[in-house]
Amino acid sequence: MLRDPMLRGVVWLRFLLVVIFATLGSLAFLVSRSEANAETVRIIAPGVWFREGDLEQGHSNNVIIEMKDYMIVVDANYPSGARAAMADVKRLTMKPVKYVFDTHHHGDHLYGNVLWTQAGATTLAFKGVSQELKRFEPGRWQAAAKERPDVADLHLDGPEPPKQDINEDLFVLNDGSRKVEFRHFGWAHTRGDGFVYLPKEQVLCTGDAVVNGPYNNVDDAYIENWPAVLRAAEKLKVKYVLPGHGLPGGRDLLLGQELFVTELFKSVKDGAGQGKKLEELQASIQLPMAVTPWVSDALLKQQIKAAYEEVTQHKPRGEITE
Ligand SMILES: [Zn+2]
């Protein structure tokens, strides 16, 4: 409880602003839903393209960035998504893909690594990504291979980890034509979450730390810490937010995602503090209207369960093995 009325006023004002932005975001989302066009490429700024992944194929989005002599691709995607993204890059340019950045360790963002390596690119990610691969693989790969022919057809025992680990929180590529910053702000969606920021173009690629729509998987997350990561990202000058799933948006996407994870964690923590059981929370929690675009009835029970485990076991959900 904040006793200082001034401070309390500031907190409420901030909350109100977030709600307003998130509501605007919801409207933008509803409008832009009709603009969804899976497996297509759109230009965001000169030399920066957004490739919309097909949710039905499980694909993530990709971002394609042109440098003077080479290309950078954000996220390796699943193998089938990687092949499709490679074909699209070839349609855009003759330049080779030199770097592929995995925003995190999930299969829909990383299982295509091996294909990019074979095509001559260097895959890279923050060090938390290879750490998580050591924990979760090859189990998840083998489970995916049972469901996905594109994974099975590679006939590998597990995913190829990023070839290059980034050990600092900031890594910069600057060839004079463009500056590209790879940033780690901490553990949100996953331990190794990486953002790609283009300061001149004010473009922020978020991986799944920000999604545009009801696509939040929080099982490997640190839900309580997630808003702090987004607030760090919000300090950047951002005009375009390119999420891991769903359509591109503006700054409001950051604020809407922040409000969603804040409200999810807070309602679970408050309820658990009142002694409510998981089932009661799952039956009663309703998140504010402002975060409607991020809420899926199918996912919400699982998200509440994950937050409940984090609250009651006092550690990040991603540290809890089932
Ligand atoms: Zn993910």
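Calculation rules
Residues numbered from 1 in each chain as written. Predicted model: local features only at pLDDT ≥ 70, side-chain atom pairs only at ≥ 80, totals over all residues. Buried ≥ 20, exposed ≤ 12 C-beta atoms within 10 Å, placed from the backbone. Helix = DSSP H or I, 4+ residues; strand = E, 2+ residues; numbered from the N terminus. Arc of directions from axis to C-beta. Contact = placed C-beta atoms within 7 Å. Pairing = 2+ DSSP bridges. Axes fitted to C-alpha atoms, helices over the stretch in contact; angles between N-to-C directions. Expected span 1.5 Å × (residues − 1). Parallel < 35°, antiparallel > 145°, perpendicular 65-115°, else oblique. Left-handed = near helix turned anticlockwise from the far one by under 90°. Nonpolar A, V, L, I, M, F, W, Y, C, P; charged D, E, K, R; others polar.

**Side note on helix 6 (residues 139-147)**
Right, so step 1: Of all the positions in helix 6, only Trp141, Ala144 and Ala145 are classed as buried. The arc enclosing the buried residues of helix 6, seen along the axis, measures out at 105°, which places them on a common side. Turned more than 90 degrees away from the buried face of helix 6 sit Gly139, Ala143, Lys146 and Glu147, all of them exposed.
Right, so step 2: Those residues of helix 6 that are buried lie in contact with helix 3 (107-110) and helix 7 (149-152).

**Section: the sheet that holds strand 6 (residues 122-126)**
Right, so step 1: Reading across from one edge, 1-2-3-4-5-6-7 is the order of the 7 strands in this open sheet, with mixed pairing throughout. Two strands close off the open sheet at either side, each with one partner strand: strand 1 (41-45) and strand 7 (164-166). Each neighbouring strand pair of the sheet contributes to a mean axis angle of 25°, computed without reference to strand direction.
Right, so step 2: Looking at chain direction, strand 5 (residues 97-101) and strand 6 are connected through 3 bridges and run parallel. Note that in strand 6 the partner of Tyr99 across the bridge is Thr122.
Right, so step 3: This element, helix 5 (residues 127-136), spans strand 6 and strand 7 of the sheet and lies at about 90° to strand 6.

**Here we look at the sheet that holds strand 11 (residues 203-207)**
Right, so step 1: With mixed pairing, the 5 strands of this open sheet are ordered in space as 8-9-10-11-12. Both outer strands of the open sheet, strand 8 (170-174) and strand 12 (240-243), are each paired with one neighbouring strand and no more. Strand-to-strand twist across the sheet, computed as the mean angle between neighbouring axes with direction ignored, equals 20°.

**Observations regarding helix 2 (residues 79-92)**
Right, so step 1: For helix 2, spanning 14 residues, the distance from its first C-alpha to its last is 20 Å, which sits close to the expected 20 Å at 1.5 Å a residue.
Right, so step 2: Where helix 2 is concerned, the buried positions are Pro79, Ser80, Gly81, Ala82, Ala84, Ala85 and Val89.
Right, so step 3: Summarising the contacts, the buried residues of helix 2 are in contact with strand 2 (48-51), strand 3 (62-66), strand 4 (71-74), strand 5, helix 4 (113-118) and helix 7.

**Some thoughts on the packing of helix 9 (residues 252-273) against helix 11 (residues 297-313)**
Right, so step 1: Axis separation between helix 9 and helix 11 bottoms out at 9 Å; the angle between their running directions is 60°. The angle between helix 9 and helix 11 places the two elements in the oblique class. Between helix 9 and helix 11 lies a crossing of right-handed hand. Two secondary-structure elements touch here, helix 9 through Leu264, Phe265, Val268, Lys269 and Ala272 and helix 11 through Gln303, Ile304, Ala307, Tyr308, Val311 and Thr312.
Right, so step 2: For the contact of helix 9 with helix 11, a count of residues per class yields 8 nonpolar, 2 polar and 1 charged.

Read these as geometric descriptors, not functional statements.
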